[in-house]
Amino acid sequence: MLKPIKYYSTNLKAGEVLFRDALLKGLAPDGGLYMPHEIPVIPKEEFFSFSKCTYDEIAYEVTRRFLHTEIPDADLRNIVRDAYDFQVPLEKVFDRKYLMRLDQGPTASFKDFAARMMGRLMQFFLQQENRKMLILTATSGDTGSAIANAFYGLDNIKVVVLFPEKEVTDRQRKQMTTLHKNIQIIALDGKFDDCQALVKQAFSDPELDYLQLSSANSINIGRLLPQSVYYVYAFAKLNNGSENDNVVFSVPSGNFGNLMGGLIAMKTGLPVKRFVVSTNENDEVPVYWKTGMYQTIVPSLNCISSAMNVGHPSNMARIVALYGGVMDEKGNIVKEPALEKMRADMFAVAIDDSHTRETLSKVYAEYKLLLEPHGAVSWAGLMRDFEANSRDGAPEQLCISLETAHPAKFPEEIRSILGIEPELPDSLKDLDDKEENYDKIENDYPSFKNYLKDNYL
Ligand SMILES: *Cc1c(COP(=O)(O)O)cnc(C)c1O
């Protein structure tokens, strides 16, 4: 019998817990983020043997190594089969350079991958104990709709989503506000970072303990494991069969949950040559790589890749922890990580809005491929990597850029850059006919707290 994996807090002041507790709690009691104490190693030949597997079969194979002591195999199989019933297209751009479209889920965002699996994992554990829970989450646009859709209609779980009213598109808002039932949406007159701060404060408020709060945003470990799967999937499908083959991924990054999924995949043994960490003008991480000084950006800058407007990525503490360091919630480095190793594994680059627009337009003209702003940041980051690391650009090197949302979610930008109207995926087609319902609150903690107390007894 193998021992279960334990999860520790990045602040190192809370006890270790099982996956189940890390998932249901979200944040550790000391304010830190949960991290697996050890990451199971998958033998290299298995990554090649997955080449004929479907997405949900690979999801089962990868997550089973983390979860098999806590979830029976048959239940896990059902969970992944139910969560992953959509396509994961890998489109060739040129040579061995590909685009992975993570935009075919119900909310047309890569966040569906994490949210759908996390919702089902939570439901599994809550049902076992006959418990109920209130999920509190802050969103800069896409997380909220993915979480709301993933949890919609579940009996044991209610969801409250807080979003910055002026920073999300109409369509992003409608994807959340047209659901109703167990889903409550709140608009804040402020920024995403303000939303996140209010949610964090509610979690540490003992007067709200009775609500059984849990988080579902990128701080929850339950989102990271599922996000390691598509990295494995992409390599399994695109490797050239040679045991020396490896892959470069470009990841458009905001809160760095997506990247953390990739780093976990790499730690299981996936042959990743390098991650290109592509940010927008919120360049605190590329600057950190360059200077060794980490400085948050307050307030965060508004860029057209709006889901990446983050001035202090919540997963930064995890990345630092993975490289042997300690970072507190405010972004202070308590113990230095192995920065040289981080630089070797990850090429960090910031792309400004004008370069993002230029890239979107160029990729459409040259390859007839339609990107949206986040995917364009990712592709532009990969091109910068080719300039800095010319071997990555060689024809035989496998490189995969992640497209994290469907272009139809950003019609205003696409229209103004390309003058065309992106075609809607089925999931977004009938939003305009549905009734919206949401509340508004002031940007301060007492308003938020009172709202929760009045609405959830
Ligand atoms: C959330 C989001 C990102 C950023 O992902 P992180 O895990 O926060 O780094 C990128 N693109 C889109 C479309 C998103 O919704």
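This write-up is about the structure you can find in this document.

1. Notes on the overall build of the chain
So, point 1. Within the chain, the regular secondary structure consists of 19 helices and 15 strands.
So, point 2. Relative to the globule expectation of 23 Å for 457 residues, the C-alpha radius of gyration of the chain, 21 Å, shows essentially globular dimensions.
So, point 3. Principal axes of the C-alpha set define a box for the chain whose edges measure 60 × 60 × 45 Å.
So, point 4. Expressed as a percentage of the 457 residues in the chain, the buried residues total 63%.
So, point 5. If you take every contact in the chain between residues at least 6 apart in sequence, the share linking residues at least 24 apart comes to 75%.
So, point 6. A total of about 17700 Å² of accessible surface is found on the chain, and carbon and sulfur atoms cover 47% of it.
So, point 7. Both charge centroids of the chain, one from 51 positive and one from 64 negative side chains, sit 4 Å from each other.

2. A short note on the pattern of salt bridges
So, point 1. In this structure the tally under the stated criterion is 29 salt bridges.
So, point 2. One salt bridge connects E46 with R65, and the closest N-O pair in it is separated by 2.8 Å. Separated by 19 residues along the polypeptide, E46 in helix α2 (residues 44–49) and R65 in helix α3 (residues 55–67) bring together distant segments of the chain.
So, point 3. Classification of E46 as partly exposed rests on a relative accessible area of 23%.
So, point 4. For D345, the salt bridge identified is with K341, shortest N-O distance 3.1 Å. Taken together, the residues span about one helical turn, with D345 and K341 both in helix α14 (residues 339–345) at a distance of four residues.
So, point 5. Overall, the relative accessible area of 46% leaves K341 in the partly exposed class.
So, point 6. Through salt bridges with shared partners, a single ionic network connects R20, D21, E129 and R131.

3. Looking at the sheet that holds strand β10 (residues 272–279)
So, point 1. Sheet architecture is open: six strands sit in the order β3-β4-β14-β9-β10-β13, paired in mixed fashion. Strand pairing shows two members of the sheet lacking a second neighbour, β3 (90–94) and β13 (346–350), which therefore form its edges. The sheet shows a mean angle of 25° between the axes of neighbouring strands, direction not considered.
So, point 2. Two elements, strand β9 (residues 247–252) and strand β14 (residues 398–403), share four bridges in a ladder whose sense is parallel. In the strand pairing of β14, V247 is matched with L398.
So, point 3. Against the sheet, helix α11 (residues 257–267) contacts β9, β10, β13 and β14, and its axis sits at roughly 170° relative to β10.

4. Focus on the site of the ligand
So, point 1. For the ligand, the set of nearby residues contains 15 residues, the closest of which are K111, G254, N255, F256 and T404.
So, point 2. In this structure, G254 approaches the ligand through a main-chain N or O atom, which is 2.7 Å from an oxygen atom.
So, point 3. N255 places a main-chain nitrogen or oxygen 2.7 Å from an oxygen atom of the ligand.
So, point 4. Relative to its free-state accessible area of 380 Å², the ligand is covered by the protein chains to the extent of 98%.
So, point 5. Cavity membership is defined here by more than half of the atoms lying within 2 Å of grid points; on that basis the ligand lies in the largest cavity.
So, point 6. Its residues assigned to classes, the shell around the ligand shows six nonpolar, seven polar and two charged.

5. Some words on the sheet that holds strand β7 (residues 183–188)
In a beta sheet, neighbouring strands are held together by backbone hydrogen bonds and run either parallel or antiparallel to one another.
So, point 1. With parallel pairing, the five strands of this open sheet are ordered in space as β8-β5-β6-β7-β15. The open sheet has two free edges, formed respectively by β8 (213–215) and β15 (439–441), since each of these has just one partner strand. Strand-to-strand twist across the sheet, computed as the mean angle between neighbouring axes with direction ignored, equals 30°.
So, point 2. As paired elements, β7 and β15 share three bridges and run parallel to each other. In the strand pairing of β15, A187 is matched with K440.

6. Regarding helix α17 (residues 411–418)
So, point 1. Residues of α17 that are buried: P411, E413, I414, I417 and L418. Taken end-on, α17 shows its buried residues confined to a sector of 160°, consistent with a single buried face.
So, point 2. Looking at the buried side of α17, the elements it contacts are α7 (170–177), α15 (353–367) and α16 (373–388).
So, point 3. G419 occupies a position one or two residues after α17 and carries a positive phi of about 70°.

7. Concerning the packing of α3 against helix α4 (residues 73–83)
So, point 1. Two elements in contact, α3 and α4, have axes whose closest approach is 9 Å; the angle formed by their N-to-C orientations is 135°. In terms of orientation, α3 lies oblique with respect to α4. With respect to the hand of their crossing, α3 and α4 are arranged in right-handed fashion. Residues D56, A59, Y60, T63, R64 and L67 of α3 form the contact with α4, whose participating residues are D73, L76, R77, V80 and R81.
So, point 2. For the contact of α3 with α4, the class distribution of residues is five nonpolar, one polar and five charged.

8. A look at the state of the cysteines
So, point 1. The full count for this structure, using the stated rule, is zero disulfides.
So, point 2. With no disulfide partner, C195 has as its closest neighbouring cysteine sulfur the one in C303, 17 Å distant.

9. Describing the environment of N130
So, point 1. Turning to its location among the elements, N130 is positioned in the loop between α5 (111–129) and β5 (133–138).
So, point 2. Classification of N130 as exposed rests on a relative accessible area of 71%.
So, point 3. Placed 26 residues apart in sequence, N130 and N156 show a C-alpha to C-alpha distance of 8.0 Å.

10. Notes on empty space enclosed by the protein
So, point 1. In this structure the tally under the stated criterion is one cavity of 30 Å³ or more.
So, point 2. There is about 260 Å³ of room inside the largest cavity.
So, point 3. What lines the largest cavity is a set of 25 residues, among which F110, K111, G254, N255 and A307 lie closest to the centre.
So, point 4. The residue makeup of the lining of the largest cavity, split by class, is eight nonpolar, 14 polar and three charged.

About the cut-offs
- Residues numbered from 1 in each chain as written.
- Predicted model: local features only at pLDDT ≥ 70, side-chain atom pairs only at ≥ 80, totals over all residues.
- Heavy atoms only, no water.
- Helix = DSSP H or I, 4+ residues; strand = E, 2+ residues; numbered from the N terminus.
- Rg over C-alpha atoms; globule rule 2.2 N^0.38 Å.
- Buried < 20%, exposed > 50% of the residue type's maximum accessible area, 1.4 Å probe, protein only.
- Contact = heavy atoms within 4.5 Å.
- Areas by Shrake-Rupley, 256 points an atom, 1.4 Å probe, with all protein chains shown as cover.
- Lys, Arg positive; Asp, Glu negative; His and termini not counted.
- Charge placed at Lys NZ, Arg CZ, Asp CG, Glu CD.
- Salt bridge = Lys/Arg side-chain N within 4 Å of Asp/Glu carboxyl O.
- Pairing = 2+ DSSP bridges.
- Axes fitted to C-alpha atoms, helices over the stretch in contact; angles between N-to-C directions.
- Near = heavy atom within 4 Å.
- Polar contact = N/O pair within 3.5 Å; in protein donor to acceptor, adjacent residues only side chain to side chain.
- 1 Å grid on protein atoms, 1.4 Å probe; cavity = no way out; pocket = protein on both sides within 12 Å on 5 of 7 lines; lining within 4 Å.
- Sits in = over half its atoms within 2 Å of the grid points.
- Nonpolar A, V, L, I, M, F, W, Y, C, P; charged D, E, K, R; others polar.
- Arc of directions from axis to C-beta.
- Parallel < 35°, antiparallel > 145°, perpendicular 65-115°, else oblique.
- Left-handed = near helix turned anticlockwise from the far one by under 90°.
- Disulfide = S-S within 2.5 Å.
- Points joined across faces, edges and corners; volume = space filled by probe spheres on them.

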